[in-house]
Amino acid sequence: LKEDANGNQSDYGLLPATIARWFLEWATCSLAVAIAGAGVAERIGFAGHCIFTALFSSFVYPLVVAASWGRGFLADMNDSGFQDFGGSAVVHMAGGT
């Protein structure tokens, strides 16, 4: 929390960073769903694609993110940890599952 001149505490200083992080996660999740959804696009209908999108973004994508960005088991596999450049590894690992 940040304190202003009057002694009032506020977390307004964290708000832009939180919004930016949310949009980063949203964009990478959308890309991963688009990659995975392209493989099933002609095989399922619109309702099935909506269900697939909801399940993928609720269960598959968070597991991949937790294993990589969340300092999960991928970070412990070698001495240098997990290296991801621009989120491409997470997007393609999640989209390829």
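For the structure given in this document, a descriptive report is provided here. What you are looking at is a predicted structure, and each value in this text was computed from that prediction instead of being measured.

## A short note on the environment of Ala89
Link 1 in the chain: Among the secondary structure elements, Ala89 is positioned in helix α3 (residues 88-95).
Link 2 in the chain: Separated by 25 residues in the primary sequence, Ala89 and Val64 place their C-alpha atoms 9.8 Å from one another.
Link 3 in the chain: In this view, Ala89 contacts Phe82 and Asp84; residues no more than four positions away in its chain are not counted.

## Description of the environment of Ala38
Link 1 in the chain: Inspection of the secondary structure assignment puts Ala38 in helix α1 (residues 15-39).
Link 2 in the chain: Sequence separation between Ala38 and Gly95 is 57 residues; the distance between their C-alpha atoms is 9.4 Å.

## Considerations on the pattern of salt bridges
Link 1 in the chain: Applying the stated criterion to the full structure yields one salt bridge.
Link 2 in the chain: With a closest N to O distance of 3.2 Å, Arg21 and Glu25 form a salt bridge. In this pair, Arg21 and Glu25 are both assigned in helix α1, four residues apart and thus about one turn of the helix distant.

## Overview of the packing of helix α2 (residues 46-68) against α3
Link 1 in the chain: Between α2 and α3, whose axes approach to 10 Å, the crossing angle comes to 135°. Classed by the angle they form, the pair α2 and α3 counts as oblique. Here α2 runs over α3; the crossing is right-handed. Contacts between α2 and α3 involve Phe56, Val60, Tyr61, Val64, Val65 and Ser68 from the first element and Val90, Met93, Ala94 and Gly95 from the second.
Link 2 in the chain: Taken together, the residues of the contact of α2 with α3 break down into eight nonpolar, two polar and no charged.

## Considering the packing of aromatic side chains
Link 1 in the chain: Summed over all chains, the structure comprises four aromatic pairs.
Link 2 in the chain: Seen from their ring centres, Phe23 and Trp26 are 6.2 Å apart, and the 90° between their planes marks the pair as edge-to-face. Here Phe23 and its partner Trp26 are both found in helix α1, three residues apart, which amounts to about one turn of the helix.
Link 3 in the chain: With a relative accessible area of 48%, Trp26 lands in the partly exposed category.
Link 4 in the chain: Each member of the aromatic cluster is reached from another via a ring pair, and the members are Trp22, Phe23 and Trp26.

## Points about the nonpolar core
One recurring pattern in soluble globular proteins is that nonpolar side chains are buried together.
Link 1 in the chain: Formed by Cys29, Ala32, Val33, Ala36, Phe56, Tyr61, Val64, Val65, Val90 and Ala94, the largest nonpolar core amounts to ten residues.
Link 2 in the chain: Elements that contribute at least two residues to this core include exactly α1, α2 and α3.
Link 3 in the chain: The contacts of Ala94, once residues within four sequence positions are left out, are Ala32, Phe56, Val60, Tyr61 and Val64.

Conventions adopted
Going along each chain's sequence as written, the residues are numbered from 1 onward. Reporting of local features is limited, given that this is a predicted model, to residues whose pLDDT is at least 70; pairs of side-chain atoms are given and counted only at 80 or more, and all residues count toward the totals for whole chains, interfaces and linings. Calculated side-chain values reflect all of the structure's heavy atoms, with hydrogen atoms and water omitted. Here a strand is any run of E in DSSP of at least two residues, a helix any run of H or I of at least four, and the numbering for each starts at the N terminus. Contacts were defined at the residue level, with two residues in contact if any of their heavy atoms lie within 4.5 Å. When a carboxyl oxygen of Asp or Glu lies within 4 Å of a side-chain nitrogen of Lys or Arg, that pair is called a salt bridge. Convention adopted: a line fitted to C-alpha atoms gives each axis, helices being fitted over their contacting stretch, and angles between N-to-C directions are expressed from 0 to 180 degrees. Here is the rule for angles: anything less than 35 degrees is roughly parallel, anything more than 145 is roughly antiparallel, 65 through 115 is roughly perpendicular, and the remaining ranges are oblique. When the near helix sits turned anticlockwise from the far one by under a right angle, the crossing is termed left-handed; a clockwise turn instead gives a right-handed crossing. Under the grouping applied here, Gly and all other residues not named as nonpolar or charged are polar, the nonpolar ones being Ala, Val, Leu, Ile, Met, Phe, Trp, Tyr, Cys and Pro and the charged ones Asp, Glu, Lys and Arg. Aromatic pairing here means that ring centres of Phe, Tyr or Trp (its six-membered ring) are within 6.5 Å. Orientation follows from the plane angle: under 30 degrees is stacked, over 60 is edge-to-face, and everything else is tilted. Burial classification: accessible surface area is computed with a 1.4 Å probe over protein chains only, and a residue below 20% of its type maximum counts as buried, one above 50% as exposed, and the rest as partly exposed. Buried Ala, Val, Leu, Ile, Met, Phe, Trp, Tyr and Cys residues form a nonpolar core when they are joined through side-chain atoms within 4.5 Å.

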